[in-house]
Amino acid sequence: MSTHRSLLRHDSPTLSDSRSSLALGEKGFRPFFLLAAVFAAFVLPLWLLVLENFTGLNAEFMHPYWHAHEMVFGFSVAVITGFLLTAVGNWTQRETVVGRPLLALAALWTLGRIAIALSSFVPRGIAAVIDLAFIPALMVGIGRALALAKNKRNYVMLVVLFALWLSNLAAHAGVLGIAGMSEWQRRGSIVGIDIVILLILVISARVIPMFTRNATREASIRSWPRFNMASAISMVMFTICDIAIPTHHITAAFAALTGVAVAARTIPWGTRHTTRDPLLWVLHVGSWWIPVGLFLRTISSFTSTVPSASSTHALTVGAIGLLTLGMMARVALGHSGRMLAVSQPTTVAFVALTVAGLVRVIGPLFESMYTASIVVAGVLWSLAFVLYLVVYLPILIAPRVDGRPG
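Residues numbered from 1 in each chain as written. Predicted model: local features only at pLDDT ≥ 70, side-chain atom pairs only at ≥ 80, totals over all residues. Heavy atoms only, no water.

Draft legend 1. Representation of unusual backbone geometry within the structure. You will see that Lys150, though not glycine, has its phi angle at about 55°, which is positive. Accessibility expressed as a relative area gives 68% for Lys150, which makes it exposed. A positive phi is found at Arg217, a non-glycine position, where the angle reads about 60°. Topologically, Arg217 is positioned in the loop between helix 8 (181-216) and helix 9 (225-244). (Buried < 20%, exposed > 50% of the residue type's maximum accessible area, 1.4 Å probe, protein only. Helix = DSSP H or I, 4+ residues; strand = E, 2+ residues; numbered from the N terminus.)

Have a look at this one:
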């Protein structure tokens, strides 16, 4: 994620501008942040209806794992795509995918979501083929720019994307009966969450201290490279253990070790200076959800009092949800030529998602609250992304206010 400069302009987007119809294809964040927000806002209520048999949709995935799969390989991958297509262009000073190819890539992602939702009504395996085609297409799009610029530092992004594709392949293998059906549907998505968290660790270490220092002008704010490296390496080891021995105490130990490293690296990030800036505190709160989720994973391995679902939702609703929403807000402002200042509805969205994380993590601890917690968290999650759409739809589909391309 690149530095986004504040511009002293507050022009509202002009939807009647002759370039508006083309703006959606000018940068990767535009169509994919829009798709991610629409998907996040409406797929969770849809899944709840499916769970209660109120709709005729019938994916080949077992119901809980359809939800898990689509949150990882649908929503999260869409945000990652929008970010990487935009950031790699900045890192390399070369365009990745824009214009019609970008809109075609967005259409492929959308087709994957439709195919999986309707997978029981199409020939077996078709949904898997369509869905599995997306990440390789993305890798080609950003890999070309990285290779032409000889930007070897960021080849790690391709490695992470390939690992994410393999975890998606495992989930589909479970659906198709190639591997243990329910087990690999679940584990493919769980490992996918681990890989998304790994990517977040790498990127957040680069940008959150920088964003915070630039905005607050606190000279004491800095990054600790050794702790950043330790947390990334420990997360890799935890992910490997999650693949090979998910229920072993060694895996629980790596979860705790990673949690300690992640918590330690945030100490000099200046969290206490961010309370008045929603664009900053949302990223810091999202980052702190990561060690919480990892510690809960360790605890759940030793006692049934804390279910593994609490750990999973701390990492997904809490960490992935807040960090993606925060970056979607920040990137859209910075790359459309606007000041890095959020409106009140956006702040409400951040708060709603924070509360959703708390409810979804605490709810499973109390059997009597379980069903209600799912509904409440789902409503708050959807509200957060509906508010994002209300504020950012005009920004995403309109040209930059400063007249620059992008």
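This is not the end of the story, as more comes after the structure.
Draft legend 2. Highlighting the nonpolar core. Counting residues in hydrophobic clusters, the biggest one holds 116 residues, and the most contacted among them are Ile197, Ile290, Phe385 and Tyr388. Ranked by the residues each element gives to this core, the list is headed by helix 3 (residues 63-92), at 15 residues. If we ignore the near neighbours within four places in the chain, the residues touching Tyr388 are Phe33, Ala37, Leu325, Met328, Ala329, Ala332, Leu393 and Leu396. (Core = buried A, V, L, I, M, F, W, Y, C linked by side-chain atoms within 4.5 Å. Contact = heavy atoms within 4.5 Å.)

Draft legend 3. Examining empty space enclosed by the protein more closely. Under the counting rule described, the total for this entry stands at four cavities of 30 Å³ or more. Taken together, Glu60, Phe61, Ile116, Ser119, Gly125, Ile126, Ala127, Ala128, His172, Val175 and Leu176 make up the full set of residues lining the second largest cavity. Breaking the lining of the second largest cavity down by element, the ones donating at least two residues are helix 5 (126-132) and helix 7 (156-175). In terms of residue count, the dominant contributor to the lining of the second largest cavity is helix 5 (three residues). By residue class, the composition of the lining of the second largest cavity is seven nonpolar, three polar and one charged. (1 Å grid on protein atoms, 1.4 Å probe; cavity = no way out; pocket = protein on both sides within 12 Å on 5 of 7 lines; lining within 4 Å. Points joined across faces, edges and corners; volume = space filled by probe spheres on them. Nonpolar A, V, L, I, M, F, W, Y, C, P; charged D, E, K, R; others polar.)

Draft legend 4. Region of the structure containing the pattern of salt bridges. Within this structure, the stated rule accounts for seven salt bridges. With a shortest N-O distance of 2.6 Å, Arg113 and Glu70 are connected by a salt bridge. Placement of the pair is Arg113 in helix 4 (residues 99-117) and Glu70 in helix 3, with a sequence separation of 43 residues. Exposure class is identical for Arg113 and Glu70. Each is buried. (Salt bridge = Lys/Arg side-chain N within 4 Å of Asp/Glu carboxyl O.)

Draft legend 5. Highlighting the packing of helix 10 (residues 249-265) against helix 11 (residues 278-302). Packing of helix 10 against helix 11 leaves a shortest axis separation of 8 Å and a crossing angle of 155°. Classified by the angle their axes make, helix 10 and helix 11 are roughly antiparallel. Helix-helix and strand crossings are classified by hand; for helix 10 and helix 11 the assignment is left-handed. Every residue of helix 11 that contacts helix 10 at His249, Thr251, Ala252, Ala255, Ala256, Thr258, Gly259, Val260, Val262 and Ala263 is listed here: Ser287, Trp288, Ile290, Pro291, Leu294, Phe295, Arg297, Thr298, Ser301 and Phe302. A class-by-class count of the residues in the contact of helix 10 with helix 11 yields 12 nonpolar, seven polar and one charged. (Axes fitted to C-alpha atoms, helices over the stretch in contact; angles between N-to-C directions. Parallel < 35°, antiparallel > 145°, perpendicular 65-115°, else oblique. Left-handed = near helix turned anticlockwise from the far one by under 90°.)

Draft legend 6. Just the packing of aromatic side chains, in detail. Taken as a whole and assessed by the stated rule, the structure comprises 11 aromatic pairs. The interplanar angle of 15° and the centroid separation of 6.0 Å between the aromatic rings of Phe162 and Trp165 together place this pair among those described as stacked. In this pair, Phe162 and Trp165 both sit in helix 7, three residues apart, roughly one turn of the helix. Phe162 gets classed as partly exposed once you look at its relative accessible area, which sits at 42%. Taking the ring centre of Trp184 as reference, the NZ or CZ of Arg187 above it sits at 4.8 Å. Between Arg206 and the ring centre of Trp91, over which it is positioned, the NZ or CZ distance is 5.3 Å. (Phe/Tyr/Trp six-rings, centres within 6.5 Å; stacked < 30°, edge-to-face > 60°. Lys NZ or Arg CZ within 6 Å of the ring centre and 35° of its normal.)

Draft legend 7. Inspection of a nonpolar patch on the surface at higher detail. On the surface, Ile114, Leu118, Phe121, Val122 and Ile126 cluster together to form a nonpolar patch covering roughly 420 Å² of accessible area. Along the chain, Ile114 turns up in helix 4. Under the relative-accessibility criterion, Ile114 is labelled partly exposed at 44%. (Patch = residues over 30% accessible without salt bridge, like charges linked within 9 Å, V, L, I, M, F, W, Y side chains within 5 Å. Areas by Shrake-Rupley, 256 points an atom, 1.4 Å probe, with all protein chains shown as cover.)

Draft legend 8. A look at helix 11. Between its first and last C-alpha atoms helix 11 spans 37 Å; for 25 residues at 1.5 Å apiece the expected length is 36 Å, and the two agree. Of all 25 residues in helix 11, 18 are buried, a share of seventy percent or more. If you check the start of helix 11, you find a side-chain oxygen 3.1 Å away from the backbone N of Leu279, and it comes from Asp277. (Expected span 1.5 Å × (residues − 1). Polar contact = N/O pair within 3.5 Å; in protein donor to acceptor, adjacent residues only side chain to side chain.)

Draft legend 9. A look at the packing of helix 12 (residues 308-334) against helix 13 (residues 344-362). Closest axis-to-axis distance for the helix 12/helix 13 pair is 8 Å, and the angle between their directions is 170°. In this view, helix 12 runs roughly antiparallel relative to helix 13, as classed from their interaxial angle. Every residue of helix 13 that contacts helix 12 at Ser310, His313, Ala314, Val317, Gly321, Leu322, Leu325, Gly326 and Ala329 is listed here: Thr346, Ala349, Phe350, Leu353, Thr354, Ala356, Gly357, Arg360 and Val361. Tallied by class, residues from the contact of helix 12 with helix 13 come to 10 nonpolar, seven polar and one charged.

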